[in-house]
Amino acid sequence: MSAIEIEYCVPCGFLNRAEEIQHALLEQFGDRLDRVALVTGDHGVLTVSVDGDVVWDKAEDEYDVDGITRRVREEI
């Protein structure tokens, strides 16, 4: 079982995106995950980590929920 953290920038208003990612991951992998946690941040952060390793970062990649889901699938 894996633990996923979605860190998002509160001042930037990324909560909706973080929730969209969270929903997609729980829908796809809910039975294989310990948790999908939302973690507050700032400075424009929006990242997805699986067991502590960042698998997607808004600073480096386009926002695409399907692409994020594929990256998580590769890690779990």
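Residues numbered from 1 in each chain as written. Predicted model: local features only at pLDDT ≥ 70, side-chain atom pairs only at ≥ 80, totals over all residues. Heavy atoms only, no water.

Right, let's talk about the packing of aromatic side chains for a bit. Any pair of aromatic rings gets described here by the distance separating the centres and the angle formed by the planes. Considering all chains together, one arrives at 1 aromatic pair under this definition. For the pair Trp 56 and Tyr 63, a centre-to-centre distance of 6.2 Å together with 65 degrees between the ring planes defines the contact as edge-to-face. Here the basic side chain of Arg 17 rests over the ring of Tyr 63, its NZ or CZ set 4.8 Å away from the ring centre. (Phe/Tyr/Trp six-rings, centres within 6.5 Å; stacked < 30°, edge-to-face > 60°. Lys NZ or Arg CZ within 6 Å of the ring centre and 35° of its normal.)

What the 4 strands build is an open sheet, ordered β2-β1-β3-β4; its pairing is mixed. Across the chains shown, the open sheet's two edge strands, defined by having one partner strand only, are β2 (33-41) and β4 (53-57). Sheet twist, expressed as the average angle between the axes of neighbouring strands with direction ignored, equals 20 degrees. Bridge analysis of strand β1 (residues 2-9) against strand β3 (residues 46-50) gives 5 bridges, and the strand direction is antiparallel. Across the sheet, Tyr 8 pairs through a bridge with Leu 46, a residue of β3. Its contacts with the sheet place helix α1 (residues 15-29) against β1, β2 and β3, and it is angled at close to 175 degrees to β2. On top of the sheet, helix α2 (residues 65-75) reaches β1, β3 and β4; it is set at about 160 degrees to β4, its chief contact. (Pairing = 2+ DSSP bridges. Helix = DSSP H or I, 4+ residues; strand = E, 2+ residues; numbered from the N terminus. Axes fitted to C-alpha atoms, helices over the stretch in contact; angles between N-to-C directions. Contact = heavy atoms within 4.5 Å.)

Treat this as a map of the structure, not an account of what it does.
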